[in-house]
Amino acid sequence: MRLPLQKLGTVPVKAITTADITMLMEEHGKRNVKSATVHGRMSVLRTVLRWCMEKEFMPEIKFPKLPPTNYEHFIPPTTGELEALLSVAAPHIVRVIVLGAQCGLRVGPCELFGLTWTDVDLVRGVVRVHGSKKNPNAPWREVPIRESLLPVFTAWRRDDQAEGVEYLIHHKGQPVKSIQTVWALTLRRAGITRRIRPYDLRHAFATELIAGGVDIGTVAKLMGHSTPTMLLMHYQHVMDTQKRAAVEALPAMPACAQLHVPKKQGACRESASA
């Protein structure tokens, strides 16, 4: 709401018009704000104004059509890039990489940075993730820990219990709120020059699952999405490959193919001579 407040903060709500809202959308365009960001911000404003209309604080106005949400597509880190990052990363960044790329957690305070050892059940081999506010219908979800990673988690817990540390992601025993600076340093140490965001670890999780043939509904549940819609928007390029593999798995139709296979070149020449 920062820009709307800057531009319309002194205007009485009842005086706001459709032209004012259109002006805000154009102002975002002048500032080169991404369409998806504009869509999200203006959706918040629309919700606020609709509430004002329902309470009769302002007259009914027509809200202009929002711009399409053309999400930017990022190439997730490859297996080689992940290995390069792990080889030079600080201990707490190693945990971020593992939990992001192998469990699909959102890298940030809403999920990963708030994870404590009370959320990890090593007997059942699951991590209980408290859902983000984006999906209030699913306050938490359980993500299985790969069998090969259980010894790693066990060693982490043993070390943290010895130091009395509660949070999985910590630096010198203190909870972590941001990794922006150390993440950039880790990329440089690994010799990676292209842009890779910490959030792309979660994208790598989804990409590898889809490419491995896991159905889209299961991937959505593991990632904490209420519907597969977000996956359909962001991972269409991966699913194209899956669709190709799907049709290639259909039973062959030899009789149909024979009807359309061209005759041998020699036979065609003989027919032409005749």
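A short tour of the structure in this document, coming up. (Residues numbered from 1 in each chain as written. Predicted model: local features only at pLDDT ≥ 70, side-chain atom pairs only at ≥ 80, totals over all residues. Heavy atoms only, no water.)

Let's talk about helix α5 (residues 91-103)
For α5, with 13 residues, the first-to-last C-alpha span of 17 Å sits near the 18 Å given by 1.5 Å per residue. Most of α5 sits out of view: 10 of its 13 residues are buried. Of all the positions in α5, only His92, Ile93, Arg95, Val96, Ile97, Val98, Leu99, Gly100, Ala101 and Cys103 are classed as buried. Positive backbone phi, at 75°, marks Gly104, one or two positions downstream of α5. (Helix = DSSP H or I, 4+ residues; strand = E, 2+ residues; numbered from the N terminus. Expected span 1.5 Å × (residues − 1). Buried < 20%, exposed > 50% of the residue type's maximum accessible area, 1.4 Å probe, protein only.)

Some words on helix α9 (residues 216-223)
Along α9, the residues classified as buried are Val219, Ala220, Leu222 and Met223. When α9 is viewed along its axis, its buried side chains cluster within an angular range of 165° and face the same direction. Structurally, α9 contributes buried residues whose contacts are with α5, β3 (140-144), α8 (200-211) and α10 (229-234). Two residues or fewer past α9, Gly224 is found with a positive phi of approximately 85°. (Arc of directions from axis to C-beta. Contact = heavy atoms within 4.5 Å.)

Describing the sheet that holds strand β2 (residues 126-130)
Within the open sheet, the 3 strands sit side by side as β1-β2-β3. Their pairing is antiparallel. Edge positions in the open sheet fall to β1 (120-121) and β3, since each of these has one partner strand only. (Pairing = 2+ DSSP bridges.)

A word on the packing of α8 against α9
Packed helices, taken two at a time, are described by the angle their axes make and the gap between the axes. Where α8 contacts α9, the axes come no closer than 10 Å and their chain directions differ by 155°. Considering the angle they form, α8 stands roughly antiparallel to α9. Note on packing geometry: the crossing formed by α8 with α9 is right-handed. Judged by residue contacts, Arg202, Phe205, Ala206, Leu209 and Ile210 of α8 engage Ile216, Val219, Leu222 and Met223 from α9. Classifying every residue of the contact of α8 with α9 gives 8 nonpolar, no polar and 1 charged. (Axes fitted to C-alpha atoms, helices over the stretch in contact; angles between N-to-C directions. Parallel < 35°, antiparallel > 145°, perpendicular 65-115°, else oblique. Left-handed = near helix turned anticlockwise from the far one by under 90°. Nonpolar A, V, L, I, M, F, W, Y, C, P; charged D, E, K, R; others polar.)

Brief notes about the side chain of Asp119
Summarising the element assignment, Asp119 is placed in the loop between α5 and β1. One buried charge, Asp119, has no salt-bridge partner; the nearest side chain with opposite charge is Arg128, at 6.5 Å. Those residues within four positions of Asp119 in sequence are excluded, and the remaining contacts are Gly114, Val126, Val127, Arg128 and His130. (Lys, Arg positive; Asp, Glu negative; His and termini not counted. Salt bridge = Lys/Arg side-chain N within 4 Å of Asp/Glu carboxyl O.)

Examining the nonpolar core
The biggest cluster of nonpolar side chains holds 45 residues, and the ones touching the most others in it are Phe153 and Trp183. Mapped onto this core, the elements with two or more residues apiece are α4 (79-88), α5, β2, α6 (150-163), α7 (180-189), α8 and α9. Ranked by residue count, the leading element in this core is α5, at 7 residues. Counting 16 residues, the second largest nonpolar core, distinct from the first, contains Leu3, Ile21, Leu24 and Leu45. (Core = buried A, V, L, I, M, F, W, Y, C linked by side-chain atoms within 4.5 Å.)

What to know about the side chain of Asp160
The residue Asp160 is located in helix α6 in this model. According to the relative accessible area criterion, Asp160 is buried, its value standing at 2%. In this structure Asp160 touches Arg95, Trp117, Val165, Tyr167, Leu168 and His170, once residues within four positions along its chain are discounted.

Points about the packing of aromatic side chains
In total, this model carries 2 aromatic pairs according to the counting rule given. Pairing Phe153 with Trp156 gives two aromatic rings, centres 5.0 Å apart and planes at 45°, and the pair type is tilted. With Phe153 and Trp156 both in helix α6 and 3 residues apart, the pair spans about one turn of that helix. Neither residue differs from the other here; Phe153 and Trp156 are each classed as buried. Across the ring face of Trp140, the terminal group of Arg128 is positioned such that the distance to the ring centre comes to 3.8 Å. (Phe/Tyr/Trp six-rings, centres within 6.5 Å; stacked < 30°, edge-to-face > 60°. Lys NZ or Arg CZ within 6 Å of the ring centre and 35° of its normal.)

What to know about the pairing of β3
The side-chain alternation of β3 yields one buried face, formed by Arg141 and Val143, and one unburied face, formed by Trp140, Glu142 and Pro144. Sheet topology places β2 next to β3; 5 bridges connect them, and they run antiparallel. In the strand pairing of β3, Arg128 is matched with Glu142.

Some thoughts on the environment of Pro91
Along the chain, the position of Pro91 falls in helix α5. As for Pro91 and Trp156, which are separated by 65 residues in sequence, their C-alpha atoms are 9.9 Å apart.

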